[in-house]
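Here is what each chain is made of, one letter per residue.
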Amino acid sequence: MYHLRHISIIQLFACLLLTGILSSCGNNNAPGEKPTAIDIPYPQPYPDSTALVFLPGIVSADSLDFNAAFSPDGKSCYFSRSMNKQSKIYVTRYDGTKWTTPTLISPVEGSYSDADPAFGPDSNLYFISNRPKDPSDTIKDYDIWFSTPLANGSWSEPVNLNSVNSDSNEFYVSFTEKGNLYFASSRKGGLGEEDIYVSKLVNGQYTTPENPGAAINSSKSEYDPFISAKEDLLIFTSSNRDDSFGGADLYCSKPGANQQWQQATHLGKNINTSTRDFCPYYSPDSKYFFFSSDRNVKWISAEYVKRQIDKFWQPNL
C-alpha cells in the first residue's frame, strides 16, 4: 500500500509548496516561533500558569479523554475518547458561537480502536488504529494510518503508513514543518518497553525510522513525542523514571551544537503531577500547551511552559 502514500505525498506537497500553504498550516509550533496565521476561537476562561480542563463536558467529559489536535483552520478540535475498553476519535466544531457536541469522525468509526489524531503539514489526518492492514493481517497491533480530507468535509478511507509501521505497536505522531515524523513504538531493537523514533521525509518518501538514542530513550517507557516545527524542541512522556512524580511525566530535550539531542530533562512540579501526564501538544498559533492528565485534556499558557522549560532545561555544556 506504500505506493499510494508515495503518490499522495509528492502531489500534495508540490501543490502546497506552490500555493505557500505548507509554511502556514503546520500544527507543531513551539513558544518563541513565529505563530501561524490562524484564528482559534478558544473558550473562556483562558489559562495562565495553572492548567485548566479544556472544554469541560465537550472534550473533557465523564470518560477517559486525551490527546487534542486542532484542524489547520483552527475551527475543529479532534481528540480521543476511551469507553468500554475501546478508543475512538471525536471532533467538536466551532459553529460561530460555540463548540458543538462532539461526534465520531467518519470513516474512522467501526469495530476497531482509533486514537491519537494529528494533522500533518499535508493537511492529512494521521492517527493510530488496531484495524488489520489487509484481510490476511492477523497481528493485533496498532499502526499509524492517515486519511485525506474530502470536499464534503468528511475523510477518505484510511491508508496504512506502511513505511514506518512494524509488527509491534506504533503510537502518537507529531510532525516538523518539513514533514519529518516522530512517533513511539514497541518494536524490537529499542532501549526500553517503548521508544521514540523519527522517520525523515526525503523526496516524498519516509525513510526507515531511526532511534534517537539514550539521550531520549531509556530502559523505561518513552512515548507521546511532540516535535516543534523547526525540530529544535522535543517534549515526550516517560513512565517510572527515578525522578518521576507519578505514573508518567513530561520531559524535554533540545539539540546541541552537533544537532544531536541532549540528555532529556524532567519538566518539574509546576507541569508534572502525581498522576499520569501525557500527550503533549502546542496549539497551531503557539499560544497554549495542551496535555492529558486526570482523564481529561488540559491546557496552560505556552509562554508559562516556555519559562518552565528554560528554568529546568539543563543542557550539556
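Here the structure is shown first, and the text comes after it.
Residues numbered from 1 in each chain as written. Predicted model: local features only at pLDDT ≥ 70, side-chain atom pairs only at ≥ 80, totals over all residues. Heavy atoms only, no water.

Peer 1: Could you give me a rundown of the overall build of the protein, with the residues and numbers involved?
Peer 2: Within the protein one finds two helices and 21 strands. In the protein, once contacts between residues fewer than 6 apart in sequence are set aside, the share between residues at least 24 apart is 50%. With an accessible surface of roughly 13,800 Å², the protein has 51% of that area assigned to carbon and sulfur atoms. (Helix = DSSP H or I, 4+ residues; strand = E, 2+ residues; numbered from the N terminus. Contact = heavy atoms within 4.5 Å. Areas by Shrake-Rupley, 256 points an atom, 1.4 Å probe, with all protein chains shown as cover.)

Peer 1: Provide a residue-level description of the pattern of salt bridges, including the pertinent values.
Peer 2: Within the structure shown, the criterion is met by ten salt bridges. Notably, a salt bridge pairs Lys 230 with Glu 177, separated by 2.8 Å at the nearest N-O pair. Pair noted here: Lys 230 is in the loop between strand 15 (221–227) and strand 16 (234–239) and Glu 177 is in the loop between strand 10 (170–175) and strand 11 (181–185), with a separation of 53 residues, a long-range link. Overall, Glu 177 belongs to the partly exposed group, its relative accessible area being 27%. Salt-bridge contacts for Glu 222 lead to Arg 241; the nearest nitrogen and oxygen are separated by 3.0 Å. Taken together, the residues Glu 222 in strand 15 and Arg 241 in the loop between strand 16 and strand 17 (249–253) connect sequence positions 19 residues apart. (Salt bridge = Lys/Arg side-chain N within 4 Å of Asp/Glu carboxyl O. Buried < 20%, exposed > 50% of the residue type's maximum accessible area, 1.4 Å probe, protein only.)

Peer 1: Quick one: what's the story with the packing of aromatic side chains, residue by residue and with numbers?
Peer 2: Geometrically, a pair of aromatic rings is defined through the distance of the ring centres and the angle of the planes. Under the definition given, this model contains 25 aromatic pairs. Residues Tyr 126 and Phe 175 carry aromatic rings whose centres are separated by 4.7 Å and whose planes lie at 55 degrees to one another, so their mutual orientation is tilted. Of this pair, Tyr 126 sits in strand 7 (residues 125–129) while Phe 175 sits in strand 10, and the two are 49 residues apart along the sequence. Accessibility assignment for this pair places Tyr 126 and Phe 175 in one class, buried. Their ring planes at 20 degrees and their centres at 6.0 Å tell us that Phe 236 and Tyr 251 sit as a pair that is stacked. Taken together, the residues Phe 236 in strand 16 and Tyr 251 in strand 17 connect sequence positions 15 residues apart. Of the two residues, Phe 236 and Tyr 251, neither departs from the other in class, the shared state being buried. Of the aromatic side chains, those joined through ring pairs into one cluster are Tyr 42, Phe 54, Phe 70, Tyr 94, Trp 99, Tyr 281, Tyr 288, Phe 290 and Trp 299. Stacked on the ring of Trp 145, the Lys or Arg Arg 131 has its end atom at 5.8 Å from the ring centre. Lying across the ring of Phe 278, Arg 276 places its NZ or CZ 4.0 Å from the centre. (Phe/Tyr/Trp six-rings, centres within 6.5 Å; stacked < 30°, edge-to-face > 60°. Lys NZ or Arg CZ within 6 Å of the ring centre and 35° of its normal.)

Shape is all these values report; function is a separate question.
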